[in-house]
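Chain by chain, the residues run as shown.
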Amino acid sequence: MTHQPLPNMNYHWMPFTSNQTFKADPQLFCKAEGVYYWNHRGEKILDGCSGLFCTPAGHGRKEIANAVFQQLQTMDYSPHFMRANPASFELAENIASMLPKTINRVFFCNSGSESVDTAIKIAYAYHYANGQPQRQRLVSRERAYHGVNLGGTSLSGMVKNREVFGQGIPGVVHMRHTWLTENQFAMGEGEQGVELADDLLRAVQLYGAETVAACFVEPIAGSTGVLVPPKGYLKRLREICDQYGILLVFDEVITGFGRTGKAFAADSFGVIPDIITMAKALTNGAQPMGAIAVKQSIYDTIVNAGQPGVPEFFHGYTYSCHPAACAASLATLAIYEQEGLFEKAAVLAPLFQEAIFSLSRLPIIKDIRGYGLLAGFDVEPDSVPGSRGNDLQLKLFEAGLHIKTTGDAGIVAPAFISTPSHIEQMTDILHKVLGQY
């Protein structure tokens, strides 16, 4: 790829970006194929984060592009209120076949943020239909990330994502996060911390179970730096939710579709929630799409409480079940199955984890956590928290590696099509750049 001139950057307000820093020294993606990007100078960048956890099948999949192209030529758009396109039903069936057996009803939206806000509304609607409209309180965690819409921002426990946006929705309670010094440098689930799940019980005892609608957790807290749950933690949450009639929601926007070595983290940890949110890898990043899957009992409760001829759930989006997004997702799920990518991820995971944990000998590294093809590491902060993490990401990009950073944590999530040589290349760049500090 040849050098490309820089565009006029005066008019674009970039998301989650230091706009001043970026515009002073732009880092652009201009081409993608397989596990690589190319920048505007024609330099090759190894993608160590599957885009933004979106592209486990690799970039530039012609099967997906052709499916979207064919769909747009056939029907570019159709509203999904009181009408439907056939592909949405096929897609819902395919997703349901991958989910834990009791979770088999799928509602579509356009992003992970929308899927979380939709799950909040489903929880409210379920309890309302069940004769318990007073169940309005939601429980989440410190250091949680549940998207950037109003509901997800209210659930989130990362201060920079909340501090300037007001109070959000009322009645949100935050449990403690699960990072413990006792579990530092533990590969997989930590031995300590199952008792942290009893924070949910404390919320029940303080506010009354009859006020609590749902408990939202990421099975692995991703964007905060990959916090793997302690052994038994998720099962204890399930027990408490069952005891007090609280819906358990797994936000699997990052962990869904093979990232943990199985279709969903619910399978990996052996805990079945009531609701699962998903997005990102649902279309391999080729089209915006999110989804919410619920137990049939939740669907039946809401639908059966409706009046004949009237919508039972007053919610949806203009682009819900967009035909091109459905086509992209169907093609993506076919690739996952035909190429056995979830199984390949499970085989590659031990090598990847060993490679990332080799960073522990570097003085700058303060902790490493990981599970499946997902890992996070903490670097020693500079005088301004988060500045070193930002500097690290910039230096890694210049050295030929793309990862995500949040504050002073680095997050790595390679594509499932990665080879051992890709993992070695990724680790070599990490060692080289981190060794400069």
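Residues numbered from 1 in each chain as written. Predicted model: local features only at pLDDT ≥ 70, side-chain atom pairs only at ≥ 80, totals over all residues. Heavy atoms only, no water.

For the protein, the name recorded in an unreviewed UniProt entry is Aminotransferase class III-fold pyridoxal phosphate-dependent enzyme, with Spartinivicinus poritis as its organism. Regarding the protein, the relevant UniProt record gives this comment under Cofactor (unreviewed entry): "pyridoxal 5'-phosphate". According to UniProt, the comment filed for the protein under the heading Sequence similarities (unreviewed entry) is "Belongs to the class-III pyridoxal-phosphate-dependent aminotransferase family." (UniProt positions renumbered as here; feature names shortened; annotations may be inferred.)

A. Examining the overall build of the protein more closely. Of the regular secondary structure elements, the protein holds 14 helices and 15 strands. Its C-alpha atoms give the protein a radius of gyration of 21 Å, near enough to 22 Å, the size a compact globule of 437 residues would have. In terms of overall dimensions, the protein has a C-alpha envelope of 60 × 55 × 45 Å along the principal axes. Within the protein, buried positions represent 55% of all 437 residues. Split by element, the accessible area of the protein, about 19300 Å² in all, is 54% carbon and sulfur. Taking the average location of the 34 positive side-chain charges in the protein and that of its 41 negative ones, the two points are 2 Å from each other. (Helix = DSSP H or I, 4+ residues; strand = E, 2+ residues; numbered from the N terminus. Rg over C-alpha atoms; globule rule 2.2 N^0.38 Å. Buried < 20%, exposed > 50% of the residue type's maximum accessible area, 1.4 Å probe, protein only. Areas by Shrake-Rupley, 256 points an atom, 1.4 Å probe, with all protein chains shown as cover. Lys, Arg positive; Asp, Glu negative; His and termini not counted. Charge placed at Lys NZ, Arg CZ, Asp CG, Glu CD.)

B. Summary view of unusual backbone geometry. One non-glycine residue, Phe257, lies in positive phi territory at about 65 degrees. Within the fold, Phe257 resides in the loop between β8 (247–251) and α9 (265–269).

C. Summary view of the sheet that holds strand β13 (residues 401–402). Pairing is mixed in the open sheet, where four strands are placed in the order β1-β2-β3-β13. Only two strands of the sheet have a single partner each, and these edge strands are β1 (31–33) and β13. Bridge analysis of β1 against strand β2 (residues 36–38) gives three bridges, and the strand direction is antiparallel. Bridge pairing links Glu33 to Tyr36 in β2. (Pairing = 2+ DSSP bridges.)

D. The arrangement of the nonpolar core in detail. In terms of nonpolar packing, the biggest core is built from 102 residues, with Phe377 and Leu434 touching the most fellow members. With residues near it in sequence (within four places) discarded, Leu434 still touches Leu359, Leu362, Ile364, Ile365, Phe377, Val379 and Leu392. (Core = buried A, V, L, I, M, F, W, Y, C linked by side-chain atoms within 4.5 Å. Contact = heavy atoms within 4.5 Å.)

E. View of the packing of helix α4 (residues 86–98) against helix α11 (residues 323–338). It is the contact of α4 with α11, at a shortest axis distance of 9 Å, that shows an interaxial angle of 35 degrees. Pair α4 / α11 crosses with left-handed handedness. In this structure, α4 uses Ala87, Ser88, Glu90, Leu91, Asn94, Ile95 and Met98 to contact α11, whose residues at the interface are Cys326, Ser329, Leu330 and Leu333. Considering only residue class, the contact of α4 with α11 consists of seven nonpolar, three polar and one charged. (Axes fitted to C-alpha atoms, helices over the stretch in contact; angles between N-to-C directions. Left-handed = near helix turned anticlockwise from the far one by under 90°. Nonpolar A, V, L, I, M, F, W, Y, C, P; charged D, E, K, R; others polar.)

F. Region of the structure containing the pairing of strand β3 (residues 44–47). With three bridges joining them, β2 and β3 adopt antiparallel strand pairing. When the bridges of β3 are listed, Tyr36 appears paired with Leu46. Counting the residues between successive antiparallel strands, the hairpin from β2 to β3 contains five residues, one of them, Gly42, with a positive phi of roughly 80 degrees. The pairing of β3 with β13 spans two bridges and is classified as parallel. Its bridge partner lying in β13, Asp47 is registered against His402.

G. Summary view of the sheet that holds strand β11 (residues 365–371). Spatial strand order, β11-β12-β15-β14: four strands in an open sheet with antiparallel pairing. The two strands at the open ends of the sheet, each matched to only one other strand, are β11 and β14 (404–406). Averaged over all pairs of adjacent strands, the angle between their axes in this sheet comes to 20 degrees, without regard to strand direction. Here helix α12 (residues 341–357) sits on the sheet in contact with β11, β12 (374–379) and β15 (409–412), set at roughly 175 degrees to β11.

H. Inspection of the environment of Gln70 at higher detail. Mapped onto the elements of the fold, Gln70 is located in helix α3 (residues 62–74). We classify Gln70 as partly exposed; its relative accessible area is 46%. In sequence terms Gln70 and Lys101 are 31 residues apart; their C-alpha atoms lie 32 Å from each other.

I. View of the state of the cysteines. Using the criterion set out here, one finds zero disulfides in the structure. Free of any disulfide, Cys109 has its nearest neighbouring cysteine sulfur in Cys321, separated by 9.3 Å. In this structure Cys109 comes out as buried when scored by relative accessible area, which is 1%. Counting only cysteine sulfurs, Cys326 is the nearest neighbor of Cys321, a cysteine outside any disulfide, at a range of 5.2 Å. Judged by relative accessible area, Cys321 falls into the buried class, the value being 7%. (Disulfide = S-S within 2.5 Å.)

J. Quick peek at the pattern of salt bridges. On inspection of all chains with the given rule, the structure shows 18 salt bridges. One salt bridge in this structure joins Arg61 and Glu339, with 2.4 Å as the shortest N-O distance. In this pair, Arg61 sits in the loop between α2 (50–53) and α3 while Glu339 sits in the loop between α11 and α12, placing the two residues 278 residues apart along the sequence. According to the relative accessible area criterion, Glu339 is partly exposed, its value standing at 28%. A salt bridge links Glu191 to Lys231; its shortest N-O distance comes to 2.5 Å. Taken together, the residues span a long stretch of sequence, with Glu191 in the loop between β6 (172–175) and α7 (198–207) and Lys231 in the loop between β7 (212–217) and α8 (233–244) at a distance of 40 residues. Assessed through its relative accessible area of 54%, Glu191 is described here as exposed. The partly exposed category is assigned to Lys231, whose relative accessible area is 40%. Linked by salt bridges that have partners in common, Arg238, Asp242, Asp274 and Lys295 make up one network. (Salt bridge = Lys/Arg side-chain N within 4 Å of Asp/Glu carboxyl O.)

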